[in-house]
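Topology and contacts: notes
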Amino acid sequence: MKQFALYYIPSDTSLYRIGTQIIGYDIIKNATTETSSDERIRIMKTLNEQSAQYGFHITLTDVVSIEDGQLNRAMERAERIFHCPLFKHIVLSQKGIQQMPHSRTLAMQFNLSPRILLLHSLLVFFVQRLGSQSQYSDVIDNFSFFQRLKIKIFFSPYIFSAFIPHLSIISNFAPSTQKDLYQCVVQNFQHVRGITLERIAVVVKESTEKYFRIVRFLYT
């Protein structure tokens, strides 16, 4: 049993470089990043110690526990979906840099277009559901009735219309006391107006591993 998800990994080198410096882990190189000379980036990296395991990415399917046999099926299904011409060159426009609902995560959020919503929905229904549980399964009683229903069937409460494409930047973010960190994020990411989904990764993590790693790229 291992953990599995589908991620978009930014192909913009400048975006990915600063993102991995802040997160603290480069999932492409499968290596932690060097300490930055910028004190604010060092602080953000410290705040991301727990979330660094995921790397810098946009989640397309949430992390689920999955058997090896089901993982192969999941990759085959995902590849078939991505090969659909409708999902070629999906462009996401930036919505803004703000705190995510229901968490203390500061993220660059993107608008939920019809094509990305359809892609996400197909991946959740046909791929994510091949898992057996997720981090939400252990705390299901903390959610509303409809969220509990989604967790029982799809292992995630924030899917379909509640899905927000985003690049997580800072975990443990407190807006009232970390305004300087927010300004640093804005300065470093202000050039990003949108992204094109073109580098999709299958990522896994064994129970003995600390960080997720890429086992395969699925190009749209």
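Residues numbered from 1 in each chain as written. Predicted model: local features only at pLDDT ≥ 70, side-chain atom pairs only at ≥ 80, totals over all residues. Heavy atoms only, no water.

Observations regarding the layout of surface pockets
This is how it is decided: In this analysis, the protein atoms alone were mapped onto a 1 Å grid. Cavities are point sets where a 1.4 Å probe fits without being able to get out; pockets are open sets with protein on both sides within 12 Å along at least five of seven lines; lining residues have an atom within 4 Å of a point. Grid points are joined across faces, edges and corners, and a volume is the space filled by probe spheres set on the points. Numbered from the N terminus, helices here are DSSP runs of H or I no shorter than four residues, and strands are runs of E no shorter than two.
The space that makes up the largest pocket amounts to roughly 1200 Å³. Looking at the largest pocket, it is lined by 43 residues, and the ones nearest its centre are Asp62, Thr105, Gln135, Tyr136 and His166. Contributions of two or more residues to the lining of the largest pocket are made by strand E1 (2-8), strand E4 (58-66), helix H4 (114-126) and strand E7 (166-170). For the lining of the largest pocket, the element with the highest residue contribution is E4, accounting for seven residues. Lining the second largest pocket we find Tyr16, Arg17, Thr20, Gln21, Asp26, Lys29, Ala31, Thr32, Thr33 and Glu34. The leading source of residues in the lining of the second largest pocket is helix H1 (residues 13-23), at four residues.

Details of helix H3 (residues 68-82)
Test applied: Given the number of residues in a helix, its expected span is that number minus one, multiplied by 1.5 Å. Any two residues whose heavy atoms approach within 4.5 Å at even a single point are treated as in contact.
Taking 1.5 Å of rise per residue, the 15 residues of H3 would be expected to cover 21 Å, and the 21 Å separating its terminal C-alpha atoms lies within 8% of that figure. Along its buried surface, H3 packs onto E1, E4, H4, strand E9 (200-205) and strand E10 (213-218).

Section: H4
Definition in use: The buried label applies to any residue whose accessible area, calculated with a 1.4 Å probe on protein chains only, is under 20% of its type's maximum; exposed applies above 50%, and partly exposed to all values in between.
The end-to-end C-alpha distance of H4 is 18 Å, a good match for the 18 Å that 13 residues give at a rise of 1.5 Å each. Restricting attention to buried positions, one finds in H4 the residues Ile116, Leu119, His120, Ser121, Leu123 and Val124. Structurally, H4 contributes buried residues whose contacts are with E1, E4, H3, strand E5 (90-99), helix H5 (145-154) and strand E8 (194-197).

What to know about the environment of Val64
Looking at where Val64 falls in the secondary structure, it is placed in strand E4. Taking the relative accessible area as the measure of exposure, Val64 reaches 1% and is therefore buried. Expressed as a C-alpha distance, the spacing of Val64 and Ser137, which sit 73 residues apart in the sequence, is 9.8 Å. Sequence-distant contacts of Val64, that is, excluding residues within four places in its chain, are made with Lys2, Gln3, Phe4, Gln128, Gly131, Gln133, Ser134 and Phe155.

Describing the packing of H3 against H4
Note the threshold: In this description, a line fitted to the C-alpha atoms serves as the axis of each element, helices being fitted only across the stretch in contact, and the angle between N-to-C directions of two axes falls anywhere from 0 to 180 degrees. Under this scheme an angle from 65 to 115 degrees is roughly perpendicular, one under 35 degrees roughly parallel, and one over 145 degrees roughly antiparallel; angles in between are oblique. A clockwise turn of the near helix away from the far one marks a right-handed crossing, whereas an anticlockwise turn of less than a right angle marks a left-handed crossing. Polar here means any residue other than Ala, Val, Leu, Ile, Met, Phe, Trp, Tyr, Cys and Pro, which are nonpolar, and Asp, Glu, Lys and Arg, which are charged; Gly is therefore polar.
H4 packs onto H3 with a crossing angle of 160° between their chain directions and a minimal axis gap of 10 Å. When the interaxial angle is binned, H3 and H4 end up roughly antiparallel. You can see that H3 and H4 cross each other, and the crossing is right-handed. Contacts between H3 and H4 involve Arg77, Ala78, Ile81 and Phe82 from the first element and Leu119, Leu122, Leu123 and Phe126 from the second. Residues that form the contact of H3 with H4 fall into these classes: seven nonpolar, no polar and one charged.

Observations regarding a nonpolar patch on the surface
For the record, the criterion: Like charges are joined within 9 Å and nonpolar side chains (Val, Leu, Ile, Met, Phe, Trp, Tyr) within 5 Å, but only among residues with over 30% relative accessible area and no salt bridge; these make up the patches. To measure how exposed things are, a 1.4 Å probe is used in the Shrake-Rupley method; for residues, cover is taken only from the protein chains shown. The term salt bridge refers to a pairing of a side-chain nitrogen on Lys or Arg with a carboxyl oxygen on Asp or Glu at a separation within 4 Å.
Together, Phe145, Phe146, Leu149 and Ile153 give the surface a local cluster of nonpolar side chains, amounting to about 430 Å² of exposed area. Here Leu149 lies in helix H5.

Looking at the packing of aromatic side chains
As a reminder of what qualifies: Between rings of Phe, Tyr and Trp, where Trp is taken as its six-membered ring, a pair exists when centres lie within 6.5 Å; planes separated by under 30 degrees are stacked, by over 60 edge-to-face, and by other angles tilted.
All told, the structure shown has ten aromatic pairs when counted by the stated rule. Ring geometry for Phe125 and Phe126: centres 5.0 Å apart, planes at 75°, overall edge-to-face. Accessibility expressed as a relative area gives 37% for Phe126, which makes it partly exposed. For the ring pair Phe125 and Phe154, a centre distance of 6.0 Å and an interplane angle of 45° mean the geometry is tilted.

Looking at the pattern of salt bridges
Counted according to the given criterion, the structure contains six salt bridges. One salt bridge in this structure joins Asp38 and Arg40, with 3.8 Å as the shortest N-O distance. Classification of Arg40 as partly exposed rests on a relative accessible area of 26%. The partner of Glu209 in a salt bridge is Arg213, with the nearest N and O atoms 2.8 Å apart. If you follow the salt bridges from partner to partner, you end up with Lys2, Asp68, Glu206, Glu209 and Arg213 in one network.

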